[in-house]
Structure formats: structure tokens, C-alpha cells
Amino acid sequence: MTDSSLDAAALRRRTRQFLAAHPPAATDRLDFLRARFDAGLAWVHYPEGLGGLGAPRSLQVVVDAELQAAGAPDNDPRRIGIGLGMAAPTILRYGTEEQKRRYLRPLWTGEEVWCQLFSEPGAGSDLAALGTRAVRDGEDWVVNGQKVWTSSAHVARWAILIARTDPDVPKHRGITYFICDMTDPGVEVRPLRQITGEAEFNEVFLTDVRIPDTRRLGEVGDGWRVAQTTLMNERVSIGGMALPREGGMIGKVAQTWRERPELRTHDLHQRLLKLWVEAEVARLTGERLRQQLVAGQPGPEGSGMKLAFARLNQEISGLEVELRGAEGLLYDDWTMRRPELVDFTGRDTGYRYLRAKGNSIEGGTSEVLLNIVAERVLGLPAEPRTDKDVAWKDLAR
Ligand SMILES: Cc1cc2nc3c(=O)[nH]c(=O)nc-3n(C[C@H](O)[C@H](O)[C@H](O)COP(=O)(O)OP(=O)(O)OC[C@H]3O[C@@H](n4cnc5c(N)ncnc54)[C@H](O)[C@@H]3O)c2cc1C
């Protein structure tokens, strides 16, 4: 329920009162963040007691602007993107009251990092084919299997996990959604080195991991539906973040263009202008998508946003490499770092060019997102699916 009595002026007042009681310069960062959550100023559209005030989501900007002007610390959203963008909305929608109270506060303050145990070596685009098994044993589930491409698993305390609980029914129906403790002794995390030289993601082996039934999210066998909430939010959180004008990769190449007139050519100028306009259109479309989110859960339209984000990042970073010529091919650092956060615009040209390659794979490949837009936004005929009614155990693998 949204509290319509909370308008922008009321929220501004509340935020100022909060700042007066917790002056950022004199308050420990974590104490400040915890107090902000408890005051309902973390995500104002969440319910009271869970970091929000039941206010319209669109009013978050009012709170953020006041806090920023006062020099308040933030919760480092890039470091905890999977928790904020994907785990939290799923817990809010499907979690029990106890689960919401246990997980949301440390998730938002960044005390507990989350990762996503969805993809497997044999199940990426066809995620519903996943083979990690969860078998009921008393009050627990015993989980065995392998996950892959798990971003941030090396720093995560918790994971959102989907596993097969019933192999005898068609693939979409026998899946259940869990919260997995990454510190469990049965969880082994191994780095996977990417094209950038970094190991942002990992493979994760699950061997007899015991998950109490109290850490199940949603009903047994209903995990595919629960996962849709995560996936729809993932697309919005990858492609639809709020940015100022020139805030994304386009800002980096525009800066090079302004600072290095000797690199300019007529052809590159035309291409830069075209990409600048497209990036600005995508940014403004993102604003519209966020306004739409104010009214409810993200729908398949988020897939269109993520598609545009991936294509533009790849074209813009490619243009930047061309603009810099031989210098753009230099890549400074092949040390295998294990970064704590995903940085789409950081470091040098070579890094941006290489990192952008993953944008059309992570959170659903561009081909698969095109299918989603075709079927669920444009209403075009669906791809033939011959395995919909076949028990998972009888599928060819
Ligand atoms: C940087 C990065 C971070 C990631 N982080 C995570 C994470 O934290 N957690 C997690 O669970 N996963 C993560 N992933 C995995 C990601 O979700 C998968 O890689 C993605 O869903 C594709 O699956 P796949 O790699 O198995 O490729 P496949 O599904 O095997 O696809 C191979 C190719 O076939 C194409 N294809 C497949 N099906 C169709 C179809 N029906 N129509 C047309 N073309 C098709 C694909 O587009 C692709 O080109 C990450 C990936 C990357 C790159």
C-alpha cells in the first residue's frame, strides 16, 4: 500500500529531521546507514519497518538529493547491485515476514553481499533446464550441483539459488527457489578469469549443502515464477540505472573527443554524433521505464532497455578504441584481480571495450531478449517449444 499523504515536502522535512539527528560528518558510516534504513529513508516505497515508508517510489529522488547535499554516505550500490536490484525485490514479494526482517536490512546497508546462483554449465538461456538438485531431508533440503558465471560469489554472504526439486514434471514446474548461505562448508567458490583479465565471476560447486526449509522463497515447485521477479528486475537493474546526461560510456568518449582534437576525423564525428543521440534517447527511455516502475513490478519492457544498453556500450567503446588508434589497443593491467564491484565505465579504453562484450550475455543474451520483446511486447508468434510438456528427467541433455 502506498501512503499518499507523504508528498515531496513531507519527505524533505523528514529527511532534514533525520539529518539533524544523525549529522553525517559526526556519525559512523554503518550507524548512519542502519539509522537511515530504520527511519524508512532507504527505499521509500518499501513498507514501514523494512527500510521504507510506503511512499511513492518516485519520491526517492527527493530523499537522495537532500542526503547528497548534506554529504551523507551511500550504501555503495555498485558493490551490492545483485542484492539491491534482484534479491531484495524477490524477498519483498515472496518472502515471509521473518525472512524480510532478517535479510533486507543488512542487504541494504551492504553488511551482507548477495550473489545469484542461477546459470549452470548446461543451463543459461534455457535456464529452466537446470540440473542442480535439492532433495528434502526432514526440515532441510540437501543441494548438489554446479553453478557458473556467479558474479561476486567470492565476496557474498548469501545467494539466491534455484534448484530442481521434482525431476518428474516438465522443466518449468519442478524448480524451487532458496536462499543459500555461501559460508556453508559444502559451498566451494572458484574464480573464472574473464576477457578483461579480472575474475568478477566464479564457478560454484554445491556438495551436500543443507538449506533449512525456512530459507525457501515461495512454494515448493513454484521457483520458476519466483525467478521471473528476479530476472525482470535484473534486466532493469543492468540496463536501466539512472544516469545524468553523458553519465555512461558516451561521456568517456565525448571527453576524449573534446580533449584530443588531433584524433578527430569527419567519419568518426558523424558516428559519435549518432551514438550520442542514441545514448541520450536510451537514457531518457530509462527515465520513462523508471516512472513505469513506480506503478508496479517491471515487465518485459525492461528487456528492450537492456538490449539497447548492451548494443550501445559495445558500439561506443568500439568507437573509442578507433578514435584513440594504436593507443586504444594498449591494455595496461593483466593482473587477475577479484573486484568487489562491477564497473562498466571504469579504467581505461581497453578495459571498457573488453568489459562491454559481456553486456550482451549477462542478464540474458541479446538474442534471447529479442525473443522476449518479440513475443511479450510485440505479440509476435512464439518460438516452437517442443519440450514444454516433457518431464525434465526425460529431456535430452
Ligand atoms: C559478465 C557476466 C556475469 C554473469 N553473472 C551471472 C551471475 O551472477 N549469476 C548467474 O546465474 N549467471 C550469470 N551470468 C550468466 C548469464 O546469465 C548467461 O551467460 C546467459 O544467460 C547465457 O547463457 P549461456 O552462457 O549458457 O549461453 P547459451 O545459453 O548456451 O547461449 C549460447 C548462444 O546461443 C544463443 N541462444 C540460446 N538460446 C537461443 C534462442 N532460444 N534463440 C536464439 N539464440 C539463442 C545465445 O544468444 C548465445 O549466443 C553472467 C554472465 C556474464 C557474461
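Being a predicted model, the structure only gives us computed values, none of them experimental.

Caption draft 1: Local environment of the environment of Gln 292. With respect to the helices and strands, the residue Gln 292 is situated in helix α8 (residues 266-294). In this structure Gln 292 comes out as partly exposed when scored by relative accessible area, which is 37%.

Caption draft 2: Local environment of the site of the ligand. With respect to spatial proximity, 18 residues lie near the ligand, and among them Ser 119, Ser 125, Trp 149, Thr 365 and Glu 367 are the closest. Within the backbone of Gln 116, one N or O atom sits 2.8 Å away from a nitrogen atom of the ligand. Trp 149 is positioned with one of its backbone polar atoms (N or O) 2.9 Å from a nitrogen atom of the ligand. With the chains in place, 68% of the 980 Å² that the ligand exposes on its own is no longer accessible. Across the shell around the ligand, the residue classes tally to four nonpolar, 10 polar and four charged. Both of domain 2 (84-227) and domain 3 (240-364) provide at least three residues apiece to the shell around the ligand.

Caption draft 3: Focus on the pattern of salt bridges. Enumeration according to the criterion identifies 37 salt bridges in this entry. Glu 111 is paired through a salt bridge with Arg 34; the nearest N and O atoms lie 2.5 Å apart. Note that Glu 111 is positioned in the loop between α5 (97-109) and β1 (114-117) and Arg 34 in helix α2 (residues 29-38), a separation of 77 residues in sequence. Owing to a relative accessible area of 36%, Glu 111 belongs among the partly exposed residues under this scheme. In this structure, a network of salt bridges that share partners links the residues Arg 102, Glu 112, Arg 157 and Asp 181.

Caption draft 4: Representation of the layout of surface pockets within the structure. The volume enclosed by the second largest pocket comes to roughly 150 Å³. Forming the boundary of the second largest pocket are Thr 96, Glu 98, Gln 99, Arg 102, Tyr 103, Asp 213, Thr 214 and Arg 216. Per element, the largest residue contribution to the lining of the second largest pocket is four residues, and it comes from α5. Taken together, the residues of the lining of the second largest pocket sort by class into one nonpolar, three polar and four charged.

Caption draft 5: Broad picture of the environment of Arg 245. Here Arg 245 is to be found in the loop between α6 (223-239) and α7 (249-259). When its relative accessible area of 53% is taken as the criterion, Arg 245 is described as exposed. The contacts of Arg 245, once residues within four sequence positions are left out, are Trp 276, Glu 280 and Arg 283.

Caption draft 6: A look at the side chain of Glu 198. Inspection of the secondary structure puts Glu 198 in the loop between β6 (187-192) and β7 (201-212). Residue classification places Glu 198 among the buried residues on the basis of a relative accessible area of 6%. At 2.7 Å, the side chain of Glu 198 and the side chain of Arg 347 are in polar contact. Not counting chain neighbours up to four residues away, the residues in contact with Glu 198 comprise Leu 192, Arg 193, Met 336, Arg 337, Pro 339, Arg 347 and Tyr 351.

Conventions and cut-offs
Residues numbered from 1 in each chain as written. Predicted model: local features only at pLDDT ≥ 70, side-chain atom pairs only at ≥ 80, totals over all residues. Heavy atoms only, no water. Helix = DSSP H or I, 4+ residues; strand = E, 2+ residues; numbered from the N terminus. Buried < 20%, exposed > 50% of the residue type's maximum accessible area, 1.4 Å probe, protein only. Near = heavy atom within 4 Å. Polar contact = N/O pair within 3.5 Å; in protein donor to acceptor, adjacent residues only side chain to side chain. Areas by Shrake-Rupley, 256 points an atom, 1.4 Å probe, with all protein chains shown as cover. Nonpolar A, V, L, I, M, F, W, Y, C, P; charged D, E, K, R; others polar. Domains from an automatic or database assignment. Salt bridge = Lys/Arg side-chain N within 4 Å of Asp/Glu carboxyl O. 1 Å grid on protein atoms, 1.4 Å probe; cavity = no way out; pocket = protein on both sides within 12 Å on 5 of 7 lines; lining within 4 Å. Points joined across faces, edges and corners; volume = space filled by probe spheres on them. Contact = heavy atoms within 4.5 Å.

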